[in-house]
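Results of the structural survey
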Amino acid sequence: MNIENDPAALYRAIGEATSDAIIFAGRDGVIRLWNRGAELIFGYTAAEAIGQSLDLIIPERLRKAHWDAFDRCMETGLTKYTDRVLTTRSMRKDGGKLYVDLGFGLVKDANGVPVGAFATGRDCTARYEAERALKLRVQELEAQVLATPPPS
């Protein structure tokens, strides 16, 4: 069968080809799906990531907030981040820190019960740091303007 006429095969092919991360974790927070994009962004191969906790890419200081929200989503079937992109800190296999833009969603069974959560994302570190540098420069310039006495 031609892949173009097989939606499931087409989804798989796109999911593997994209440079954006696609990650799925079950209700227990264990990674079950890790695509090529996740490998590129985080540095772990699928073989290294699948079967591991999401803690693999969550900085220590953010873990409590993450797991509180994750557990709440699994219990309620709702997430406040549906249809939104969140910029957050993450970490690479080599220990490097990065910022990622993540979209989240829940995967539910036929009865509407969450079986896990997915995230799609991309590395936005360069953009985030450039925006932060620009904001600091604007603050510096504003401070200079306020410190300059008015002309007499």
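The structure we're discussing is the one just above.
Within the open sheet, the five strands sit side by side as β2-β1-β5-β4-β3. Their pairing is antiparallel. The sheet is open, and its two borders are formed by β2 (31-34) and β3 (85-91), each paired with just one other strand. Strand after strand, the sheet turns through a mean of 30° between neighbouring axes, direction not considered. Pairing of β3 with strand β4 (residues 97-108) involves seven bridges; the strand directions are antiparallel.

At D83, a residue that is not glycine, the phi angle is positive and equals roughly 65°. By the element assignment, D83 lies in the loop between α4 (63-76) and β3. For D83, a relative accessible area of 78% corresponds to the exposed category.

Tracing the backbone through its elements, the reader meets R63 in helix α4. Polar side-chain contacts of R63 include one of 2.8 Å to the backbone oxygen of I58.

Bringing the layout of surface pockets into the picture now. What the largest pocket holds in volume is close to 740 Å³. If you go around the largest pocket, you meet 29 residues; those closest to its centre are H66, A69, Y81, L86 and F104. Every element with two or more residues in the lining of the largest pocket is listed here: β1 (21-26), α4, β3, β4 and β5 (114-123). The element that contributes the greatest number of residues to the lining of the largest pocket is α4, accounting for six residues. Taken together, the residues of the lining of the largest pocket break down into 21 nonpolar, five polar and three charged.

On to the environment of R127. Here R127 is to be found in helix α5 (residues 125-147). In this structure R127 comes out as partly exposed when scored by relative accessible area, which is 37%. Remark: the alpha-carbon pair of R127 and Y99, spanning 28 residues in sequence, is separated by 9.1 Å. Contact partners of R127, with chain neighbours within four places excluded, come to T87 and D101.

The rules behind the values
- Residues numbered from 1 in each chain as written.
- Predicted model: local features only at pLDDT ≥ 70, side-chain atom pairs only at ≥ 80, totals over all residues.
- Heavy atoms only, no water.
- Pairing = 2+ DSSP bridges.
- Helix = DSSP H or I, 4+ residues; strand = E, 2+ residues; numbered from the N terminus.
- Axes fitted to C-alpha atoms, helices over the stretch in contact; angles between N-to-C directions.
- Buried < 20%, exposed > 50% of the residue type's maximum accessible area, 1.4 Å probe, protein only.
- Polar contact = N/O pair within 3.5 Å; in protein donor to acceptor, adjacent residues only side chain to side chain.
- 1 Å grid on protein atoms, 1.4 Å probe; cavity = no way out; pocket = protein on both sides within 12 Å on 5 of 7 lines; lining within 4 Å.
- Points joined across faces, edges and corners; volume = space filled by probe spheres on them.
- Nonpolar A, V, L, I, M, F, W, Y, C, P; charged D, E, K, R; others polar.
- Contact = heavy atoms within 4.5 Å.

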